[in-house]
Amino acid sequence: MSTVIERNDFSWIDKRVYPFEPNYLNVDGGQMHFVDTIGGRPIVFLHGWPSWSFSFRGVIRTLMKDFRCIAPDMIGFGRSSKPENWRYSPGAHSLNLKSLIEHLDLHDVTLVLHDFGGPVGLSYALDNLDRVSRIVLMNTWMWDISNDPVASRPAKLAQGPLGRMAYLKLNAAPKAVKSMFCDREKYTETVQDGYFGPFTRPEDRHGALAVAKQLVDGSAWYDDLWSNRRSLNDIPLQLIWGTKDHAFGERALNRIWHEFPLCDVKQLEDSGRFAMEEHPQAVAEAIRSFMLTQHQSGYVA
């Protein structure tokens, strides 16, 4: 039985930059928080590690005028429950995403997937092709990264007792976010507070530690995704990529682009992994253009 750490004090949230009303759904692992702006065709945003729906706030505020924007916090992150002993595998997160989409009865879904949210959301898409109409990938992967010294670094740190201390006692996960920015001036105090807030207490950090381990422990699962990538051929795909990402930069972009040569590509040459933080307007407009183009081109009935 998992021990669920519930936290009712969210005073660390700055409502001036993250003004969305909270919604919750009981899923495997506890309560999953999600943003839902209501109205229009649905876009589901899925964050990466060690993030939460906060990272998409600027993109959502631009797109919510025309689209229904839904952004969950995966279990262990943001305003969702943070159990100590839950399995935290990408497959478990994918099943929770399925629960949310079915609970909201979403169809004609556009998935916007970032970092660890990529393999989680792509797994959902492969199993639910009837609900997914478009996919946007942002600095992510769907293959074994255990032999990549940069991409696997958080996992290698998490494996031993010193790493466990670094994540649980020294709060190493949110400290990594700043290094993923290209323009460090955009990593403001407000941004820092947003990423550190969910991990204030040591008991809030088990998800960050467990998902870091899953970057390598889930290798066979990621490779299975890659082996089934052709099943996504009929879904319009967009790549929005910060090319200054040291782990999932141009090499990861080109690997996916090579497999899906007709995809729409937006490269952000002056952005790191968190393109939605560094260039929220450009990311929002790229998604808007992609959705309108694909809708008008007849992909959607």
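Provided above is the structure to which this section pertains.
Since the structure is predicted, the reported quantities are computational estimates derived from the model, not experimental observations. (Residues numbered from 1 in each chain as written. Predicted model: local features only at pLDDT ≥ 70, side-chain atom pairs only at ≥ 80, totals over all residues. Heavy atoms only, no water.)

Trainee: Would you mind going over the overall build of the protein in detail, with residue names and values included?
Mentor: When helices and strands are counted, the protein shows 12 helices and eight strands. For the protein, the C-alpha radius of gyration of 18 Å lies close to 19 Å, the compact-globule estimate for 301 residues. Counting only C-alpha atoms and orienting by the principal axes, one finds that the protein spans roughly 50 × 40 × 40 Å. Put simply, 77% of the contacts in the protein that link residues at least 6 apart link residues at least 24 apart. Looking at the protein as shown, the accessible area adds up to about 12500 Å², and 49% of this sits on carbon and sulfur atoms. Across the protein, 33 positive and 36 negative side-chain charges occur, with their mean positions spaced 3 Å apart. (Helix = DSSP H or I, 4+ residues; strand = E, 2+ residues; numbered from the N terminus. Rg over C-alpha atoms; globule rule 2.2 N^0.38 Å. Contact = heavy atoms within 4.5 Å. Areas by Shrake-Rupley, 256 points an atom, 1.4 Å probe, with all protein chains shown as cover. Lys, Arg positive; Asp, Glu negative; His and termini not counted. Charge placed at Lys NZ, Arg CZ, Asp CG, Glu CD.)

Trainee: Mind laying out unusual backbone geometry, listing which residues take part and the relevant values?
Mentor: Residue P50 is bonded to the preceding W49 through a cis peptide linkage, with omega at -5 degrees. One can find P50 in the loop between β3 (42-46) and α1 (57-63). One non-glycine residue, N171, lies in positive phi territory at about 60 degrees. If you trace the backbone, N171 turns up in the loop between α5 (161-168) and α6 (172-175).

Trainee: Quick one: what's the story with helix α9 (residues 219-227), residue by residue and with numbers?
Mentor: Taken together, the buried positions of α9 are occupied by S219, Y222, L225 and W226. End-on view of α9: buried residues confined to an arc of 115 degrees, all on one side of the axis. α9 presents A220 and S227 as exposed residues on the side facing more than 90 degrees away from its buried surface. Where the residues of α9 are buried, they touch α2 (90-103), α3 (117-127), α8 (206-217) and α10 (250-259). (Buried < 20%, exposed > 50% of the residue type's maximum accessible area, 1.4 Å probe, protein only. Arc of directions from axis to C-beta.)

Trainee: An account of the environment of P22 is needed here, citing residue identities and associated values.
Mentor: With respect to the helices and strands, the residue P22 is situated in the segment before β1 (23-27). Taking relative accessible area as the criterion, P22 reaches 33% and is therefore assigned partly exposed. Along the chain, P22 and R79 lie 57 residues apart, while their C-alpha atoms are 8.6 Å from each other. The contact partners of P22, leaving out residues within four places of it in the chain, are H33, F34 and R79.

Trainee: Would you mind going over the sheet that holds β1 in detail, with residue names and values included?
Mentor: By definition, the strands of a sheet pair up through backbone hydrogen bonds, in either a parallel or an antiparallel sense. In space, the eight strands of this open sheet follow the order β1-β2-β4-β3-β5-β6-β7-β8, with mixed pairing throughout. Every interior strand has two partners, whereas the edge strands, β1 and β8 (264-268), have only one. Averaged over all pairs of adjacent strands, the angle between their axes in this sheet comes to 20 degrees, without regard to strand direction. As judged from the three bridges shared by β3 and strand β4 (residues 68-72), these two strands associate in the parallel manner. Across the sheet, the residue bridging to I43 is C69, located in β4. (Pairing = 2+ DSSP bridges. Axes fitted to C-alpha atoms, helices over the stretch in contact; angles between N-to-C directions.)

Trainee: Hey, could you go over the nonpolar core for me, with residue numbers and the actual values?
Mentor: Of all hydrophobic cores here, the largest spans 102 residues; its most connected members are F45, W49, I135 and I287. Examining the composition of this core, we find that seven residues originate from one element, α8, more than from any other. Here I287 is in contact with I43, F45, V59, L63, V112, V136, Q238 and I240, once residues within four sequence places are set aside. (Core = buried A, V, L, I, M, F, W, Y, C linked by side-chain atoms within 4.5 Å.)

Trainee: Help me get a handle on the pairing of β3, residues and values and all.
Mentor: Burial of β3 is extensive: five of the five residues sit out of reach of the surface. The alternating pattern of β3 places P42, V44 and L46 on one face and I43 and F45 on the opposite face, and all of these are buried. In terms of handedness, the path from β3 via α1 over to β4 forms a crossover that is right-handed. (Right-handed = clockwise from strand over helix to strand, strands pointing away.)

Trainee: How would you summarise the packing of aromatic side chains if you had to cite specific residues and measurements?
Mentor: Aromatic ring pairs are defined here through the distance separating the ring centres and the angle between the ring planes. What the rule picks out here adds up to 18 aromatic pairs. Ring centres of W86 and Y88 lie 5.0 Å apart, and the angle between their planes is 80 degrees; on these two criteria the pair is classed as edge-to-face. Of the two residues examined, W86 and Y88, each falls in the buried class. With a centroid separation of 6.0 Å and an interplanar angle of 20 degrees, the aromatic rings of F181 and F274 are classed as stacked. Taken together, the positions of F181 in the loop between α6 and α7 (189-196) and F274 in the loop between β8 and α11 (275-278) put the pair 93 residues apart, joining distant regions of the chain. On the accessibility criterion, F181 (4% relative accessible area) is buried. The rings of F10, W12, Y18, F20, W52, F54, F181, Y187, Y195 and F274 are connected pair by pair, giving a single aromatic cluster. Between R79 and the ring centre of F10, over which it is positioned, the NZ or CZ distance is 4.6 Å. Positioned over the ring face of W226 is R255, at 4.7 Å from the centre of the ring. (Phe/Tyr/Trp six-rings, centres within 6.5 Å; stacked < 30°, edge-to-face > 60°. Lys NZ or Arg CZ within 6 Å of the ring centre and 35° of its normal.)

Treat this as a map of the structure, not an account of what it does.
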